[in-house]
Amino acid sequence: MMRCLLATALALLAALSSPRAQAFSDTRAQEIAQCLPGELQTWNDGRDTPSPHGAWLFVYAHGGAPQAFSAAQVLGVLQRAAQAWAPCGLPVQVMDEAQARAQPPDPAQGRVRVQWDDAAVRGNFAAANLTQRTLNLSPAMFALLRQRNPAHPALQTLQMSVSHEMGHFLGLVAHSRRCVDVMSYYHDGRGNHCSARVPDAMKSFVEYRSSLPTACDIARCRAVNGMAAAP
């Protein structure tokens, strides 16, 4: 049995390190870093709207979080998302509740509460409520992920979810039809699927979608907010 497991592991390692797998990895990396003409496509499930604020503050409340995530880890995820969205041109700050209480309110800065609330996500890992200014995360969904696939990097899923929902606050209401974009979803439930430059490449990844905004995500964000195209 041990020899069979070892052989399987070695075969999987060989497949992942094969020239074909490396080529697919390079293809995905290029799609993340580059936005070609004609690639700004959405599902037309909403209309992008300029951000109502020129800057944002995301305030994290750790109450109700799964034990698998420390407050520092979630704050780190939020900070990475904020830094990755910075090229859009809208400053984004991240603080915990104590830090936010100590800072005088800035009327020019939109404030979003990031919290763990199963009732607000409707079966998703996360959901943005643009009216109530909350970014809601689901303890139950992350617990289910841990139960069904303990080896899956849950922090990566959290990063992707946070980056996606943060993009909604920055004006990206519609979802991208480019599979690799963090603002994408893979299909519309009616048989239509997202697009990739090399569709076969998606089969080599458990999650093809980027965990941080791509060049096309940034281009859309800049466009809807009246920013000049990035050089």
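Residues numbered from 1 in each chain as written. Predicted model: local features only at pLDDT ≥ 70, side-chain atom pairs only at ≥ 80, totals over all residues. Heavy atoms only, no water.

A. Helix 6 (residues 154–169), seen in detail. If you check helix 6, its first and last C-alpha atoms are 23 Å apart, about what 16 residues at 1.5 Å a residue would give, namely 22 Å. Taken from the residues just after helix 6, Gly-171 is the one with a positive phi, measuring 115°. (Helix = DSSP H or I, 4+ residues; strand = E, 2+ residues; numbered from the N terminus. Expected span 1.5 Å × (residues − 1).)

B. Inspection of unusual backbone geometry at higher detail. Phi is positive for Asn-44, which is not a glycine, with a value near 55°. As for its position among the elements, Asn-44 is in the loop between helix 2 (19–33) and strand 1 (55–60). Within the chain, Arg-122 stands out as a residue other than glycine whose phi angle is a positive 50°. As for its position among the elements, Arg-122 is in the loop between strand 3 (109–116) and strand 4 (126–129).

C. How the structure looks around the state of the cysteines. Applying the stated criterion across every chain, the model contains 3 disulfides. In this model, Cys-35 is linked to Cys-216 through a disulfide, with the two sulfur atoms separated by 2.0 Å. Judged by the sign of its S-S torsion, about 90°, the cystine formed by Cys-35 and Cys-216 is right-handed. With a gap of 181 residues between them, Cys-35 in the loop between helix 2 and strand 1 and Cys-216 in helix 7 (residues 215–224) connect regions that are remote in the sequence. (Disulfide = S-S within 2.5 Å.)

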